[in-house]
Amino acid sequence: MKSDEPVIQVRGLVNRFGSQAVHVNLDLDIRRGEILGVVGGSGTGKSVLLRSIVGLRQPNAGSVMVFGENLLKLPPQRRSEIERRFGVLFQRGALFTSLNLQENVALPLIEHAGLKRSDAEFLARQKLALAGLPPDAACKYPDELSGGMVKRAALARALALDPEVLFLDEPTAGLDPIGAAAFDQLILTLRDALGFSVFLVTHDLDTLYTICDRVAVLAQKRVLAVDTLEAVAATDDDWIREYFHGPRGRAAQDAAQMLETP
Amino acid sequence: MSQSTSRPGHLQRQPASDSQAATLVIGGDWTLLHYAALRSEVEQARRQLSDEEHIELHTLGELDTAGAGLLVELLGPARIARLNEWAPQLPPERQALLHTLASAMDQPPASLPPQTNGLADVLAHIGGTLAGLWNQQRTLLGFIGLTLQTLLLVLFNPRRWRITSLAAHIEQTGLDAIPIVALLTFLVGAVVAFLGATVLADFGATIYTVNLVAFSFLREFGVLLAAILLAGRTASAFAAQIGAMKANEEIDAIRAIGLSPIELLVLPRVLAMLITLPILTFIGMLSGIIGGLVVCALALDISPAMFFNILQRDISISHFLVGLAKAPVFAFLIAVIGCLEGFKASGSAQSVGEHTTSSVVQSIFMVILIDAVAALFFMEMGW
């Protein structure tokens, strides 16, 4: 289901905080059905880019075309319809603390898909199980859970409406290695079956090597390189070289190769 | 995934014939859009489904996780595990999706919380609330003790005084509150003067309006209004600030660095309130009396000069001191209650909200309660 047709086109994006520019003339495409990994040093504006695309932040200049429409210029009704086709997993989960997990996941199902509460909660429990949570977690509140469980529940909420584009902000940070590997596998399985696109901000090199189709490197206020992992890793740039060919990068690469050739 | 052309998913049962076994045909789009209808259909079909029955997936259209979940529900994990035997034509990615869902859902159902009866719940709730009230007062006393202890320790060690933080809090709680305190007491002063004039006019004693305004503002209203305003404005701010810090684990970080949150967070706030509330009380008394003065001058023909004359002649300084003496007590209570409620908040946004509300309610309650007790005391003492 992969194709070169872009679902999201970012053109000439400029983001400034006061006098400090985070992005200058940044271009990026996200194609249908691909998993795009976004990497960059701390403070290079990965999360800001995500927020600009999702429409949570008004960029200082440039355009963000989502499914061929400019999200920020649409009337609220139409914009809400488009936003329904997004699933966003925020860095710290951002679960609603006044609702239990099951209600957190059921909320978009009730509000947008118009399901009855009982149906929505049944489906919500399925999604929670899919994200790898035990059944008795469904009635717990977010402040009773560990960070990793909050991440899983947040993924279940992001997946609730079967989005066409899934935005993940450091999904495997704070997960144990087994959980992180299962998480990667789940994203891959769902992408293959449902054909959604994934915009994945991550520092996890294992995730990059295992599931990403393309990798975009944010540096020097723009997208320095975007291509398959091998092509990006071969780019002649100090930061990229250190990132992919440093000790951790090599270890992740070796691990990925061992997976492919058992 | 266009929704306009979506064919609703359906189940169709073909009874057994000579040539083949009974068949269940699964067709159409199994998506979230048709979820409610599909779920009731699945519930029904699941009870009738026998192990020998043949399943037909040729006409299956769109499939998302919601629909796949229903299919797993319908077919059961055992049949899904043998998926590539009876449905080899199903694309591998869909098989993977069904396998993933089946393994996720193949877990014992969660145990339900035990049933309780209504009366016991009510009694338990009453008991819980009473015990909570008692505990709240005990914690408050403990917290006051802790604050005073830390205050004493820090007092003799000038290197641990946090002047910057203190100054910032004085600005926030004191300076920024001056306009609202002044305006409010001015208005109440005017209202009291009007009330006094209306009642006293019947006795031909409108001149005593001056005494009424001065007496009430010096002894009670100046300090009471300032304290209630700060209870609403500052206690809530303290509770919310500290509550949010707690939610963000900042309090734990302070402890882990080896510092005392009481010294760092509570003392500057308490001291700032101890300094600002008396000043605000003074401002409140002044502007309340000015409110009375304006009404007297405009509506009662009592000139400002005459107003001040009466003030000087009839009102002794002791009234002012009685009023002002209460300010530090109120200040201490408001600050301590605000901070304590902040510390009690847990990680959730709702909890921060609840404790912020509670800090305002408690501190206003305490201010009025202590003011009433103090009024009785001062009356008996003849001050």
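One can find the structure itself at the top, above this paragraph.
Treat the numbers as computed from the prediction; the structure is a model and nothing was measured. (Residues numbered from 1 in each chain as written. Chains lettered and ligands numbered in written order. Predicted model: local features only at pLDDT ≥ 70, side-chain atom pairs only at ≥ 80, totals over all residues. Heavy atoms only, no water.)

> Mind showing me how you'd approach helix H5 (residues 118–155) of chain B here?
Each α-helix winds once per 3.6 residues, and so residues spaced three or four apart point in a common direction. Residue and element names in this part refer to chain B. For H5, which comprises 38 residues, the first-to-last C-alpha distance of 54 Å matches the rise-based estimate of 56 Å (1.5 Å per residue) to within 8%. All of the buried residues along H5 are Gln136, Leu140, Phe143, Ile144, Thr147, Thr150, Leu151 and Val154. Lining the buried residues of H5 we find helix H10 (261–299), helix H12 (317–344) and helix H13 (349–381). (Helix = DSSP H or I, 4+ residues; strand = E, 2+ residues; numbered from the N terminus. Expected span 1.5 Å × (residues − 1). Buried < 20%, exposed > 50% of the residue type's maximum accessible area, 1.4 Å probe, protein only. Contact = heavy atoms within 4.5 Å.)

> Would you explain the packing of aromatic side chains in this entry?
Given two aromatic rings, their pairing is described by the distance between the two centres and the angle made by the two planes. In this structure the tally under the stated criterion is 10 aromatic pairs over all chains. Between Phe282(B) and Phe320(B), the aromatic rings sit 5.9 Å apart at their centres with planes inclined by 75°, giving edge-to-face as the arrangement. Here Phe282(B), found in helix H10, pairs with Phe320(B), found in helix H12; they are 38 residues apart in sequence, far enough to count as distant. For Arg85(A), the ring lying beneath its charged end belongs to Phe67(A), and the centroid distance is 3.9 Å. (Phe/Tyr/Trp six-rings, centres within 6.5 Å; stacked < 30°, edge-to-face > 60°. Lys NZ or Arg CZ within 6 Å of the ring centre and 35° of its normal.)

> Explain the interface of chain A and chain B to me, please; I cannot follow it from the model alone.
By a widespread convention, an interface's size corresponds to the accessible area lost as its parts come together. Across the contact, 29 residues belong to chain A and 29 residues belong to chain B. Buried surface at the junction of chain A and chain B, both sides included, amounts to about 2,300 Å², of which 64% is carbon and sulfur. Seen at the junction of chain A and chain B, the total is one salt bridge. Linking Asp119(A) and Arg39(B) is a salt bridge whose minimum nitrogen-to-oxygen distance equals 2.7 Å. There are four residue pairs in polar contact (both at pLDDT 80 or more) connecting chain A and chain B. (Buried area = accessible area lost by both parts, 1.4 Å probe. Salt bridge = Lys/Arg side-chain N within 4 Å of Asp/Glu carboxyl O. Polar contact = N/O pair within 3.5 Å; in protein donor to acceptor, adjacent residues only side chain to side chain.)

> Can you walk me through the pairing of strand E2 (residues 23–30) of chain B in this structure?
One face of the sheet, then the other: side chains in a regular strand alternate in exactly this way. All names here are of chain B. In terms of residue burial, E2 counts as a mostly covered element, since eight of its eight residues are buried. Across five bridges, strand E1 (residues 10–14) lies against E2 in antiparallel orientation. In the sheet register, Leu11 faces E2, and the bridge partner there is Ile26. Taken together, the three bridges between E2 and strand E3 (residues 54–56) define a ladder with parallel strand orientation. Paired with Thr23 across the strands is His54, a residue of E3. Relative to strand E4 (residues 60–63), E2 runs parallel, the two being bridged by two bridges. Note that in E4 the partner of Trp30 across the bridge is Leu63. (Pairing = 2+ DSSP bridges.)

> Looking at this structure, how should I read the sheet that holds strand E4 (residues 61–66) of chain A?
Remark on secondary structure: sheet strands pair via backbone hydrogen bonds, oriented parallel or antiparallel. Residue and element names in this part refer to chain A. The four strands lie next to each other as E2-E1-E4-E5, forming an open sheet whose pairing is antiparallel. The open sheet has two free edges, formed respectively by strand E2 (20–31) and strand E5 (69–70), since each of these has just one partner strand. Of the strand pairs in this sheet, strand E1 (residues 6–17) and E2 are connected by eight bridges, and their pairing is antiparallel. Bridge pairing in E2 links Gln9 to Asp29. Along the sheet face, helix H1 (residues 46–54) touches E1, E2 and E4 and points at about 120° away from the line of E1. (Axes fitted to C-alpha atoms, helices over the stretch in contact; angles between N-to-C directions.)

> What should I look at first to understand the nonpolar core in this one?
Inside soluble globular proteins, nonpolar side chains tend to come together where they are buried. Formed by 92 residues in total, the largest nonpolar core has its most connected members in Ile187(A), Leu208(A), Phe244(A), Ile26(B) and Trp30(B). Apart from residues lying up to four places away in sequence, Trp30(B) is in contact with Gly9(B), His10(B), Leu11(B), Leu38(B), Val42(B), Leu60(B), Glu62(B), Leu63(B), Asp64(B), Gly67(B), Leu70(B) and Leu71(B). (Core = buried A, V, L, I, M, F, W, Y, C linked by side-chain atoms within 4.5 Å.)

> Would you explain the pattern of salt bridges in this entry?
Close approach of charged atoms allows side chains of opposite charge to pair. Residues and elements named next belong to chain A. In total, this model carries 20 salt bridges over all chains according to the counting rule given. In this structure, Glu34 engages Arg214 in a salt bridge whose closest nitrogen and oxygen atoms are separated by 2.7 Å. Here the residue Glu34 occupies a position in the loop between E2 and strand E3 (35–40), and Arg214 occupies one in strand E9 (residues 214–219), the gap between them amounting to 180 residues. With relative accessibility at 3%, the residue Glu34 sits in the buried group. A salt bridge links Glu121 to Arg117; the nearest nitrogen and oxygen atoms lie 3.1 Å apart. Highlighted residues: Glu121 and Arg117, both in helix H4 (residues 117–130), separated by four residues, approximately one helical turn. Judged by relative accessible area, which is 15%, Glu121 ranks as buried.

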